[in-house]
Amino acid sequence: LTDAQKGISHEIHSDIIEDLKLRYPGKVVLIDFWATWCGGCITAMNAMEPLKDNKLKHPDIAFVYITDHTSPMERWAEYRSRIRGEHLRLNKQQMDALTKRFAIRVLPTYILMDRKGNMREIQHNLIEEELLKALGRQ
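Residues numbered from 1 in each chain as written. Predicted model: local features only at pLDDT ≥ 70, side-chain atom pairs only at ≥ 80, totals over all residues. Heavy atoms only, no water.

Trainee: Explain helix H6 (residues 127-135) here, please?
Mentor: Helical periodicity: at 3.6 residues per turn, an α-helix aligns residues three or four positions apart in one direction. Taken as a whole, H6 has its buried residues at Ile127, Glu130, Leu131, Leu132 and Leu135. Contacts from the buried residues of H6 go to strand E1 (28-33), helix H3 (39-48), strand E2 (61-68), strand E4 (109-113) and strand E5 (119-122). Of the residues one or two after H6, glycine 136 is the one with positive phi, at around 85°. (Buried < 20%, exposed > 50% of the residue type's maximum accessible area, 1.4 Å probe, protein only. Helix = DSSP H or I, 4+ residues; strand = E, 2+ residues; numbered from the N terminus. Contact = heavy atoms within 4.5 Å.)

As structure tokens, then:
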């Protein structure tokens, strides 16, 4: 995971989701599949940033942003420096595996991982509600 955050690819066979489960045990994780060329993705990330200082400020919430090789390294690094959370830039094989696993058809796509490691897709307009529910605060 640390290598992927630096933009260096995992081994193709590495299970990124299992890595995340190990990295965030007992936490609620929002996984945001996005791209630097996706205007809706950028708008949504920017809108969520202030919520991390109030409604979604909790030690048991983690934000993970996943993009792939189609996002230029320089542009990805720019967003990585200003959007708080873990940032992964995957190679084609890794992203293809996750696209298939989660049936991703459009960006952004959001996957919520609960405290037990269970995962499900959630809609953008329900992120705040679903995160609070997963924390047991709603």
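Trainee: Honestly, the packing of aromatic side chains in this entry has me stumped. Any pointers?
Mentor: To describe a pair of aromatic rings, you give the distance between the ring centres and the angle between the ring planes. Applying the stated criterion to the full structure yields two aromatic pairs. Ring geometry for phenylalanine 33 against phenylalanine 102: centres 6.0 Å apart, planes inclined by 50°, an arrangement best described as tilted. You can see phenylalanine 33 sitting in strand E1 and its partner phenylalanine 102 sitting in helix H5 (residues 92-102), a full 69 residues away along the chain. Note on phenylalanine 33: relative accessible area 0%, which makes it buried. With a centroid separation of 5.6 Å and an interplanar angle of 80°, the aromatic rings of tryptophan 34 and tyrosine 79 are classed as edge-to-face. Here tyrosine 79 lies in helix H4 (residues 73-82) and tryptophan 34 lies in the loop between E1 and H3, a separation of 45 residues in the sequence. Of the two residues, tryptophan 34 and tyrosine 79, both sit in the buried class. Looking at lysine 52, its charged tip hangs above the ring of phenylalanine 63, at a distance of 4.7 Å from the centre. (Phe/Tyr/Trp six-rings, centres within 6.5 Å; stacked < 30°, edge-to-face > 60°. Lys NZ or Arg CZ within 6 Å of the ring centre and 35° of its normal.)

Trainee: When you look at the sheet that holds E4 in this model, what are you seeing that I'm missing?
Mentor: By way of backbone hydrogen bonds, the strands of a sheet pair with one another, either parallel or antiparallel. One open sheet holds the five strands; their spatial order is E3-E2-E1-E4-E5, and the pairing between them is mixed. The sheet is open, and its two edges are formed by strand E3 (86-90) and E5, each paired on a single side. Pairs of neighbouring strands in the sheet enclose a mean axial angle of 25°, with direction left out of account. Lying on the sheet, helix H2 (residues 16-23) is in contact with E1, E2, E3, E4 and E5; it crosses E3 at an angle near 165°. Packed onto the sheet, H4 meets E2 and E3 and runs at close to 165° relative to E3. (Pairing = 2+ DSSP bridges. Axes fitted to C-alpha atoms, helices over the stretch in contact; angles between N-to-C directions.)

Trainee: Where do I start with the pairing of E3 in this structure?
Mentor: On any regular strand, side chains alternate: one points to one face of the sheet, the next to the other face. Here E3 lies mainly inside the structure; four of its five residues are buried. Summarising the sheet, E2 and E3 pair through five bridges and their orientation is parallel. Bridge pairing in E3 links isoleucine 66 to leucine 88. Following the backbone out of E2, through H4 and into the adjacent parallel E3, one traces a crossover that is right-handed. (Right-handed = clockwise from strand over helix to strand, strands pointing away.)

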